[in-house]
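This is what each chain is made of:
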2 protein chains.
Amino acid sequence: MTHKVLPHLTQAKAPLTRAITAINEHGAVQNIEVPAERALTVYVDKKEIVTLMTLGAYPEWLVLGYLRNQRLVEQLNEMESITVDWDAGEAGAGVAAVKTKNGLQNLAEKTQHRVVTTGCGQGSVFGDLMQNLDDLQMPESQITQEQLYQIINAIRLQESTYKSAGSVHGCALFNHQSLQLFVEDVGRHNAIDTLAGWMWLQDIQFDAPVFYTTGRLTSEMVLKSAQMHVPIVVSRSGITEMGFVMAEQLNVCTIGRATNKHFLCYTAGHRLVHQPHLAQSSIKIT
Amino acid sequence: MTHKVLPHLTQAKAPLTRAITAINEHGAVQNIEVPAERALTVYVDKKEIVTLMTLGAYPEWLVLGYLRNQRLVEQLNEMESITVDWDAGEAGAGVAAVKTKNGLQNLAEKTQHRVVTTGCGQGSVFGDLMQNLDDLQMPESQITQEQLYQIINAIRLQESTYKSAGSVHGCALFNHQSLQLFVEDVGRHNAIDTLAGWMWLQDIQFDAPVFYTTGRLTSEMVLKSAQMHVPIVVSRSGITEMGFVMAEQLNVCTIGRATNKHFLCYTAGHRLVHQPHLAQSSIKIT
């Protein structure tokens, strides 16, 4: 294993919620928490790339994952540092300054196509990625229905901004049934990019990586999973037609409507070892 | 009133759902409907602007609203036609060809900043719009709690792709409590842009326009409402901090968690005429 030269990252975690008051249907004042939503403008070697609207939990991993999933950066060691300063930008925006060692090749060309997906605007996702689908090789791994239930249960028990303030999406990376990282953001594309950034920094090869997302299984979610070589994606929500078509093509196992003992497996069913007796069982999996 | 010269629009509505099979927790095959998700690449005078991932219900209004909300086009009569062809693009993407009369000024400049909001990537929303917030003047209008309940009820009764296939966002424009248009899309930013496009085509000044959205009240949703001079936004979901801050600044009334008799009014409370006795009432509003 070659030793990775990691970029230097700040740790600019920002407060995730804010207390406000609202008036309810009885005309009474109610104190509530709402999730933060912050603008973070990303510059690579002083060139403006994009402004991300984010919760602000792990901004450096988010930027890292964004650059990777947009295929703007290929190797970690191309980057010297990522410095996040929430107070540095115009009109109240935060700034993430990415410093590369030798500049990035073809940056203008790579950022010229724009796609507004269901959940976000992701540079060249469609234009370039769609045409290279066959290059993405998925590892041969499976999970059992029991492990799936353990994943659903781990998410249920997870402490979260969602529980305290609502209005955020959660994404998590599991290895088999074991939770590796749980990330929330106001945009689900940010949550998955943050996971991607974190995974990139790890010197670990995951055996049976599984994504969990509270969001829908859209084309974007399936593509990003495939890009990160994660062959199984579990969601509380449903699937779109293009998510379905791409997952079939990419051999990604998509499992939706996953709550309690229920789920629907849409694609690559051979990756899920069915244990239907567990669905009837009243034994609680903890 | 000056007569508007309307651009010529195709009516390329595409099938909104598709039947697929899935395997449930009992190992049984289940037939379900999933919402379509289509790529639509927008060209203005043959220059590629963006690829939108959309359900495909009203693609021409979507493109119109997108161009308006991105401030790429100022006047309807700048456009000759919008022609949508679902089979014309590369890699299976549809094409929306916008033909202008005299070309658009500063197109390159206007499309150079990118913002990925919670729900989408919207060109210059942040960079430009944030700095012009004070220019947006909201009409002085109000709704009563009774009208709010009628709005919530109208949405409940609405036939929808959501009911048959799930996984889409719905947005609607009301005038007082009267439903004008209901639009669904796989991305809520598309649904609101479609409403914007439709509104633009109408020769009507709405008295007391109200938006309803199933999605969250984020900065983007509040900004777009303000851009369209709609001063009241109702949502089934909650609000983010930036949505809250902007709504206060713009004098937009935001009402979230609106289901049955419940709601929370976050901002511009003077626009909602409270009738707390209706919250206790067991009389059903139909």
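Residues numbered from 1 in each chain as written. Chains lettered and ligands numbered in written order. Predicted model: local features only at pLDDT ≥ 70, side-chain atom pairs only at ≥ 80, totals over all residues. Heavy atoms only, no water.

Some words on the overall build of chain A
Part 1: A tally of helices and strands in chain A yields nine helices and 16 strands.
Part 2: Split by element, the accessible area of chain A, about 11,400 Å² in all, is 47% carbon and sulfur. (Helix = DSSP H or I, 4+ residues; strand = E, 2+ residues; numbered from the N terminus. Areas by Shrake-Rupley, 256 points an atom, 1.4 Å probe, with all protein chains shown as cover.)

A closer look at the packing of aromatic side chains
Part 1: Under the counting rule described, the total for this entry stands at six aromatic pairs over all chains.
Part 2: Here Tyr58 of chain B and Trp61 of chain B contribute two aromatic rings whose centre-to-centre distance is 4.7 Å and whose plane-to-plane angle is 20°, an arrangement assigned as stacked.
Part 3: Overall, the relative accessible area of 26% leaves Tyr58 of chain B in the partly exposed class.
Part 4: Between Arg38 of chain A and the ring centre of Trp86 of chain A, over which it is positioned, the NZ or CZ distance is 5.6 Å. (Phe/Tyr/Trp six-rings, centres within 6.5 Å; stacked < 30°, edge-to-face > 60°. Buried < 20%, exposed > 50% of the residue type's maximum accessible area, 1.4 Å probe, protein only. Lys NZ or Arg CZ within 6 Å of the ring centre and 35° of its normal.)

Digging into the domain arrangement of chain A
One frequent convention defines the size of an interface as the accessible area lost when the parts assemble.
Residue and element names in this part refer to chain A.
Part 1: Each domain of chain A was delimited in the assignment, giving domain 1 (8-20 + 29-124) and domain 2 (143-280).
Part 2: Just the C-alpha atoms count here: the centres of domain 1 and domain 2 sit 23 Å apart.
Part 3: Inspection of the domain 1/domain 2 interface yields zero salt bridges.
Part 4: Counting across the interface, domain 1 meets domain 2 through five residue pairs in polar contact (both at pLDDT 80 or more).
Part 5: Elements that contribute at least two residues to the side of domain 1 that touches domain 2 include exactly β3 (29-35), β5 (47-54) and α1 (59-69).
Part 6: When residues in the side of domain 1 that touches domain 2 are grouped by element, the largest group, seven residues, is from α1.
Part 7: The residue inventory of the side of domain 1 that touches domain 2, partitioned by class, reads 17 nonpolar, nine polar and five charged. (Domains from an automatic or database assignment. Salt bridge = Lys/Arg side-chain N within 4 Å of Asp/Glu carboxyl O. Polar contact = N/O pair within 3.5 Å; in protein donor to acceptor, adjacent residues only side chain to side chain. Nonpolar A, V, L, I, M, F, W, Y, C, P; charged D, E, K, R; others polar.)

Remarks on the pairing of strand β7 (residues 94-100) of chain A
Residue and element names in this part refer to chain A.
Part 1: Within β7, five of the seven residues are buried, leaving the element largely enclosed by the surrounding structure.
Part 2: Sheet analysis places strand β4 (residues 38-44) next to β7, joined by five bridges and oriented parallel. Paired with Leu40 across the bridge in β7 is Gly94.
Part 3: With six bridges joining them, strand β6 (residues 79-85) and β7 adopt antiparallel strand pairing. Note that in β7 the partner of Ser81 across the bridge is Lys99. (Pairing = 2+ DSSP bridges.)

What about helix α7 (residues 219-227) of chain B?
Part 1: Taken across its nine residues, α7 of chain B has nine buried, putting it largely inside the fold.
Part 2: What α7 of chain B keeps buried is the set Ser219, Glu220, Met221, Val222, Leu223, Lys224, Ser225, Ala226 and Gln227 of chain B.

Regarding the pairing of strand β14 (residues 253-259) of chain A
A regular strand places its side chains on the two faces of the sheet in alternate fashion.
All names here are of chain A.
Part 1: The element β14 is extensively covered by neighbouring structure, given that five of its seven residues are classed as buried.
Part 2: As a crossover connection, the stretch from strand β13 (residues 232-235) through helix α8 (residues 241-250) into β14 is right-handed.
Part 3: Where β14 lies against strand β15 (residues 262-265), three bridges are found, and the strand directions are antiparallel. Residue Thr259 lies in a different strand from β15, and its bridge partner there is His262.
Part 4: In this antiparallel pair of consecutive strands, β14 and β15, the connection spans two residues, and Asn260 shows a positive phi of 50°. (Right-handed = clockwise from strand over helix to strand, strands pointing away.)

Considering the environment of Ser237 of chain B
Residues and elements named next belong to chain B.
Part 1: With respect to the helices, strands and loops of the structure, Ser237 is situated in the loop between β13 (232-235) and α8 (241-250).
Part 2: Taking the relative accessible area as the measure of exposure, Ser237 reaches 17% and is therefore buried.
Part 3: Sequence separation between Ser237 and Gln158 is 79 residues; the distance between their C-alpha atoms is 18 Å.
Part 4: Here Ser237 is in contact with Thr214, Gly215, Arg216, Gly256, Arg257 and Tyr266, once residues within four sequence places are set aside. (Contact = heavy atoms within 4.5 Å.)

Observations regarding the pattern of salt bridges
If the charged atoms of two oppositely charged side chains come close together, the side chains can form a pair.
Part 1: Taken as a whole, this structure holds six salt bridges over all chains when the rule is applied.
Part 2: Between Glu241 of chain A and Arg18 of chain B there is a salt bridge, with its nearest N and O atoms 3.6 Å apart. Highlighted residues: Glu241 of chain A in helix α8 and Arg18 of chain B in strand β2 (residues 17-24), drawn from two different chains.
Part 3: With its nearest N and O atoms 2.9 Å apart, the salt bridge here joins Asp193 of chain B to Lys224 of chain B. Highlighted residues: Asp193 of chain B in helix α6 (residues 188-201) and Lys224 of chain B in helix α7, separated in sequence by 31 residues.
Part 4: A residue is classified by how much of its surface remains accessible, and Asp193 of chain B, at 0% relative accessible area, is buried.

Concerning the sheet that holds strand β10 (residues 169-175) of chain B
Part 1: Across the sheet, which stays open at both edges, the eight strands sit in the order β3(A)-β2(A)-β15(B)-β14(B)-β13(B)-β12(B)-β10(B)-β11(B) with mixed pairing between neighbours. The open sheet has two edge strands, β3 of chain A together with β11 (178-185) of chain B, and neither has a second partner. Going across the sheet, the axis of each strand differs from the next one's by a mean of 30°, ignoring polarity.
Part 2: In this sheet, strand β12 (residues 209-213) of chain B lies alongside β10 of chain B in antiparallel orientation, the contact comprising five bridges. When the bridges of β12 of chain B are listed, Asn175 of chain B appears paired with Pro209 of chain B.
Part 3: Against the sheet, α8 of chain B engages β2 (17-24) and β3 of chain A together with β14 (253-259) of chain B, with an angle of about 55° to β2 of chain A. (Axes fitted to C-alpha atoms, helices over the stretch in contact; angles between N-to-C directions.)

A short note on the packing of α6 of chain B against α7 of chain B
Residue and element names in this part refer to chain B.
Part 1: Contact pair α6 / α7: the axes reach a minimum separation of 11 Å and the direction vectors enclose 5°. Taken together, the axis directions place α6 and α7 in an arrangement best described as roughly parallel. Where α6 abuts α7, its residues Arg188, His189, Ile192 and Asp193 lie against Glu220, Met221 and Lys224.
Part 2: Among the residues making up the contact of α6 with α7, the classes are represented as two nonpolar, one polar and four charged. (Parallel < 35°, antiparallel > 145°, perpendicular 65-115°, else oblique.)

Details of the sheet that holds strand β10 (residues 169-175) of chain A
Part 1: One open sheet accounts for eight strands, arranged β11(A)-β10(A)-β12(A)-β13(A)-β14(A)-β15(A)-β2(B)-β3(B); its pairing is mixed. Looking along the sheet, the strands with just one partner apiece sit at the ends: β11 (178-185) of chain A together with β3 (29-35) of chain B. Put simply, the sheet's adjacent strands are angled 30° from each other on average, direction ignored.
Part 2: With respect to the sheet, α8 of chain A is in contact with β14 of chain A together with β2 and β3 of chain B, its orientation differing from that of β2 of chain B by roughly 55°.

Focus on the environment of Glu80 of chain A
Residues and elements named next belong to chain A.
Part 1: Mapped onto the fold, Glu80 is located in strand β6.
Part 2: Through-space distance from the C-alpha of Glu80 to that of Ile232 is 33 Å; in sequence the pair is 152 residues apart.
Part 3: Setting aside residues no more than four positions away along its own chain, Glu80 makes contact with Pro7, His8, Lys99, Thr100 and Lys101.

A word on the side chain of His169 of chain A
Part 1: Its location among the elements puts His169 of chain A in strand β10.
Part 2: The residues contacting His169 of chain A, other than those within four sequence positions of it, are Val183, Glu184, Asp185, Val186, Arg188, Ala191, Thr214 and Gly215 of chain A together with Arg216 of chain B.

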